[in-house]
Amino acid sequence: MARKKVAIVGMGFGGIRAARILAGHGLDVTLVDRNNYHLFQPLLYQVATAGLEQESIAYPIRAMARHWPDTRFLLAEVTAIDIDARRIRTVTGDISYDYLVVGAGSITNFFGLQSVERHAFDLKELAHAEELRNHILTAFERAVREPDPARKRALMTFVIVGGGPTGVEFAGALIELVHFVLAKDYPELSTQAARVVLVEANDQLLAAMPEKQRLYTLKKLRSMSVEVLLNASVVDASQERVTLADGAVIPAHTLFWSAGVKAAPIAAHLGTSRKHGGRVPVEPDLSLPGHPEVFVIGDMAYLEQDGSALPMTAPVAMQMGIYAGKAILAREDRQSLRPFHYRDKGSMATIGRSAAVASAFGMQFRGHLAWLVWLLLHLYYLIGFRNRTVVMLNWIWYYWFHERQVRLITRRRSSP
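Residues numbered from 1 in each chain as written. Predicted model: local features only at pLDDT ≥ 70, side-chain atom pairs only at ≥ 80, totals over all residues. Heavy atoms only, no water.

Moving on, we come to the environment of His 269. Among the structural elements, His 269 can be located in the loop between β18 (261–263) and β19 (280–281). Aside from chain neighbours lying at most four places away, what touches His 269 is Thr 79, Ala 80, Ile 81 and Ile 83. (Helix = DSSP H or I, 4+ residues; strand = E, 2+ residues; numbered from the N terminus. Contact = heavy atoms within 4.5 Å.)

What follows is about the domain arrangement of the protein. For the protein, the domain assignment lists domain 1 (5–108 + 261–332) and domain 2 (114–259 + 346–401). Averaged C-alpha coordinates put domain 1 and domain 2 at centres separated by 29 Å. Opposite the 34 residues of domain 1 that make contact, domain 2 presents 29 residues. Of the roughly 2,800 Å² buried where domain 1 meets domain 2, counting both sides, 64% is carbon and sulfur surface. Summed over the shared surface of domain 1 and domain 2, the result is 1 salt bridge. We note a salt bridge from Arg 34 to Glu 125, for which the minimum N-O separation is 2.5 Å. For the pair domain 1 and domain 2, the number of links is 9 residue pairs in polar contact (both at pLDDT 80 or more). (Domains from an automatic or database assignment. Buried area = accessible area lost by both parts, 1.4 Å probe. Salt bridge = Lys/Arg side-chain N within 4 Å of Asp/Glu carboxyl O. Polar contact = N/O pair within 3.5 Å; in protein donor to acceptor, adjacent residues only side chain to side chain.)

Here 3 strands make up an open sheet; going across it, the order is β25-β26-β27 and the pairing antiparallel. Each of the sheet's edge strands pairs with one partner strand only, and the pair in question is β25 (347–352) and β27 (363–366). Pairwise comparison of adjacent strand axes, ignoring direction, gives a mean angle of 5 degrees for this sheet. Where strand β26 (residues 355–360) and β27 come together, 4 bridges link them in antiparallel fashion. Residue pairing across strands places Ser 359 opposite Gln 364, the latter belonging to β27. (Pairing = 2+ DSSP bridges. Axes fitted to C-alpha atoms, helices over the stretch in contact; angles between N-to-C directions.)

Moving on: the sheet that holds strand β15 (residues 241–244). Taken in spatial order, the 3 strands line up as β14-β15-β16 in an open sheet, and their pairing is antiparallel. Each having just a single partner strand, β14 (234–237) and β16 (249–251) make up the two edges of the open sheet. Shown here is a sheet whose adjacent strand axes are inclined to one another by a mean of 25 degrees, direction ignored. Looking at chain direction, β14 and β15 are connected through 3 bridges and run antiparallel.

It is worth spelling out unusual backbone geometry at this point. In this structure, Ala 50 takes a positive phi of about 65 degrees despite not being glycine. Position of Ala 50 among the secondary structure elements: in the loop between α2 (44–48) and β4 (58–60). On the accessibility criterion, Ala 50 (1% relative accessible area) is buried. Not every positive phi belongs to a glycine, and Asn 231 is a case in point at roughly 55 degrees. As for its position among the elements, Asn 231 is in the loop between β13 (226–229) and β14. (Buried < 20%, exposed > 50% of the residue type's maximum accessible area, 1.4 Å probe, protein only.)

The element strand β1 (residues 5–9) is largely enclosed, with a buried count of 4 among its 5 residues. Judged from the 5 bridges that link them, β1 and strand β2 (residues 28–33) form a sheet pairing that is parallel. Paired with Val 6 across the two strands is Val 29, which belongs to β2. The handedness of the β1 to β2 crossover, carried by helix α1 (residues 13–22), is right-handed. (Right-handed = clockwise from strand over helix to strand, strands pointing away.)

With that settled, consider the UniProt feature "domain: FAD/NAD(P)-binding" (unreviewed entry) in the protein. According to UniProt, the feature "domain: FAD/NAD(P)-binding" (unreviewed entry) maps to residues 4–321 in the numbering used here. Taken as a whole, residues 4–321 contains 30% helix and 28% strand, while its terminal C-alpha atoms sit 19 Å from one another. (UniProt positions renumbered as here; feature names shortened; annotations may be inferred.)

This is the structure we're talking about:
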């Protein structure tokens, strides 16, 4: 009897955990991703701010798969999914399946602001982090030789949109890079005149955190010289300026967007209605309505719990991936599982050196203790002993010497 075929599209946090569960259970498992590595996205901002080498937050999928029996990896871009024929279309050929797990993640949501999409940076791919790092460092190089004081300051002005964990962490890391590292690299510049502006449409940062954590974050960022604009939103952008909804204009050559995400475009090929952000509604067992052999996990999946949709975060994706793998094994054993239930273990965000906020297991942490918890958890979830070692050594070096070693401009655009 031929073995059942399982295809897993997307090797993010959910996909790799589904693969681990399914490996070695008599199934033919095919892993499909357009990249040959798993990316630890929560640390992308540290690559962009010269804190980590890009290789230290990625791990080859084949290096993982070789330890998973009956598992193979295909480097391919998925172009369509034929649900009825049970086939995945890729640029290199078709893949048939008996079970399908779709965890292709999300892309940045610019909410229809075309000028912002053209000029803003985001952080979803490894190449994005390198491009943003190149841009930040090149801006300072251009500022050195810029004779116009206004343009010089605009080159050293960085606007960050979105007061969630990514925006907060990037703002804190960037202001520390400017004040503690680039200030020494560019003595001819008055780096104290550099601006990091964090723009949030709501009246608070880190909306999912308790009030004390939100207030601590706001005060800490402002004490670090980050300009925090609440109840403000960006409506237009160009190469040299950012326009807010109230008409205010910020002269800036760098705009970073972290104000929202939406499901990956492949969600449109699943033949079902979609919810806010293009997410795919799933059954309580994470299967696609009308297609119990298809499971949708992670940022793509829309499932309500306790009256609201589950967030598009890595912990949700990890738990969904584990559940989907177990659900497939249960089907093969003619058993059933209880409906998926997300166990919220808390959330956290780092603000800067020795400063973070965390809310976990009913407890709240702020400051140095929260920062240590953040460090340990991120090291724990990184894949690969070498990666953990390299990241830990980089963090120790920065903690003691306030120095970031990865200040490399690896590609340079022509100046306008």
